[in-house]
Amino acid sequence: MSQAIVTTALSKVYREGKIEVTALASIDVALMEGEVVGLFGPSGSGKTTLLSILGCILRPTSGSLGIYGHETSILSEKDLPDIRRRFISFIFQGFNLFPALTAYENVILGLKMKGITGSDATQRATRIMAEVGLADRMKFLPRDLSGGQRQRVAVARALAADSPIILADEPTGNLDHSNGRKVMELLREMASSQQRCVIVATHDNRIEDLFDRVLYMEDGSILREKRG
Ligand SMILES: Nc1ncnc2c1ncn2[C@@H]1O[C@H](COP(=O)(O)OP(=O)(O)O)[C@@H](O)[C@H]1O
Ligand SMILES: [Mg+2]
């Protein structure tokens, strides 16, 4: 297995006027291809901050972050969108679907943002909708889908572009236990069969068994880890 993400002494300090909040202390972690990793920790422990930095939507205060061998700390702001487009897809707790677009169109739009259009996009979107079990819901608007189905659209959108890194922030947070587990199992199955590196921030202990490795965060540090 090769390394998808490597961080060294990664830190993030938020400054609000005179107040400083150290959201990440000094994170050293290597995340591998084909690995489904859970990021656990109480609210405020730094999970969202870490995911945002790994996804290159937030810059660290110090430290290094390598994405598939590209050291991002030496890149300028204008180079980061390209790293995101090539390597990263997100899944959010609130699904982030466009309400006026159908399930299928939401996936198509996600592909367009990755530069994938035309028949390549339509074929991918149709295939992935079937794979997530929504072939008969393609023309539905998000409001006509259940929470579990909406999250499956978000999973489809994230996986359709074949990004090697999938970052999910509390993806089961708006779902009941059974639907949350199903979505997480789907994500795990589809991602690990294709050697993706999947990182899921959650505080849902009931899905802990679905991870290859679990990192436990507290006060901006990874305190310990456990292999599944
Ligand atoms: N934009 C921000 N400005 C200032 N402080 C922030 C900001 N975002 C998060 N924080 C603080 O950073 C810490 C970590 O937050 P966060 O990464 O959201 O943790 P988690 O996702 O584990 O709940 C918390 O103390 C939070 O209040
Ligand atoms: Mg969070």
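Data block above holds the structure.
Below, the structure is looked at part by part. (Residues numbered from 1 in each chain as written. Chains lettered and ligands numbered in written order. Predicted model: local features only at pLDDT ≥ 70, side-chain atom pairs only at ≥ 80, totals over all residues. Heavy atoms only, no water.)

## A word on the pairing of strand β3 (residues 36-40)
Working step 1: Burial of β3 is extensive: five of the five residues sit out of reach of the surface.
Working step 2: What you see with β3 is no split at all: Val36, Gly38 and Phe40 on one side and Val37 and Leu39 on the other are buried throughout.
Working step 3: Sheet topology places β3 next to strand β8 (residues 197-202); five bridges connect them, and they run parallel. Bridging from a neighbouring strand, valine 36 pairs with valine 198 of β8.
Working step 4: With four bridges connecting them, β3 and strand β9 (residues 213-218) associate as parallel partners. Within β9, the residue paired with glycine 38 across the bridge is valine 214. (Buried < 20%, exposed > 50% of the residue type's maximum accessible area, 1.4 Å probe, protein only. Helix = DSSP H or I, 4+ residues; strand = E, 2+ residues; numbered from the N terminus. Pairing = 2+ DSSP bridges.)

## Details of the nonpolar core
Working step 1: Counting residues in each nonpolar core, the largest one holds 41 residues, and the members touching the most others are Ile91, Val107, Leu111, Met184, Leu187 and Phe211.
Working step 2: Elements supplying a minimum of two residues to this core: β3, α3 (103-113), α4 (118-131), α5 (147-160), β7 (165-169), α6 (177-192), β8 and β9.
Working step 3: It is α5 that contributes the most residues to this core, seven residues altogether.
Working step 4: Not counting the four nearest positions on each side in its chain, leucine 187 is found in contact with Ile91, Val155, Ile166, Val198 and Val200.
Working step 5: Core analysis: the next-biggest nonpolar cluster, separate from the first, contains 28 residues, Leu10, Val37, Leu39 and Cys197 among them. (Core = buried A, V, L, I, M, F, W, Y, C linked by side-chain atoms within 4.5 Å. Contact = heavy atoms within 4.5 Å.)

## So, the site of ligand 1
Working step 1: Residues in close proximity to ligand 1 include Tyr14, Glu16, Val21, Ala23, Pro42, Ser43, Gly44, Ser45, Gly46, Lys47, Thr48 and Thr49, which together make up its full environment.
Working step 2: Here ligand 1 loses 64% of its free accessible area of 570 Å² to cover by the protein chains.
Working step 3: Of all the secondary structure elements, the ones that give two or more residues to the shell around ligand 1 are β1 (3-16), β2 (19-32) and α1 (47-54).
Working step 4: Examining the composition of the shell around ligand 1, we find that three residues originate from one element, α1, more than from any other.
Working step 5: Here the shell around ligand 1 is composed, by residue class, of four nonpolar, six polar and two charged. (Near = heavy atom within 4 Å. Areas by Shrake-Rupley, 256 points an atom, 1.4 Å probe, with all protein chains shown as cover. Nonpolar A, V, L, I, M, F, W, Y, C, P; charged D, E, K, R; others polar.)

## Some remarks on unusual backbone geometry
Working step 1: The phi torsion at tyrosine 68 lies on the positive side, around 45°, for a residue other than glycine.
Working step 2: Summarising the element assignment, tyrosine 68 is placed in the loop between β4 (62-67) and β5 (70-71).
Working step 3: By relative accessible area, which is 23% here, tyrosine 68 ends up partly exposed.
Working step 4: For aspartate 219, which is not glycine, the phi dihedral falls at a positive 45°.
Working step 5: Mapping aspartate 219 onto the fold places it in the loop between β9 and β10 (221-227).

## Observations regarding the packing of aromatic side chains
Working step 1: Applying the stated criterion to the full structure yields four aromatic pairs.
Working step 2: Ring centres of phenylalanine 40 and phenylalanine 211 lie 5.8 Å apart, and the angle between their planes is 90°; on these two criteria the pair is classed as edge-to-face. Here the residue phenylalanine 40 occupies a position in strand β3, and phenylalanine 211 occupies one in the loop between β8 and β9, the gap between them amounting to 171 residues. Phenylalanine 211 carries the same exposure label as phenylalanine 40, and that label is buried.
Working step 3: Seen in terms of ring centroids, phenylalanine 40 and tyrosine 216 are 6.2 Å apart; in terms of plane orientation they differ by 45°. Their pairing is tilted. Within this pair, whereas phenylalanine 40 is found in strand β3, its partner tyrosine 216 is found in strand β9, the two being separated by 176 residues in sequence. Here phenylalanine 40 matches tyrosine 216 in class, with each residue buried.
Working step 4: Among the aromatic residues, those joined into a cluster by ring pairs are Phe40, Phe211 and Tyr216.
Working step 5: The ring of phenylalanine 140 is capped by arginine 137, whose NZ or CZ atom sits 5.0 Å from the centre of that ring.
Working step 6: Stacked on the ring of tyrosine 216, the Lys or Arg arginine 224 has its end atom at 3.9 Å from the ring centre. (Phe/Tyr/Trp six-rings, centres within 6.5 Å; stacked < 30°, edge-to-face > 60°. Lys NZ or Arg CZ within 6 Å of the ring centre and 35° of its normal.)

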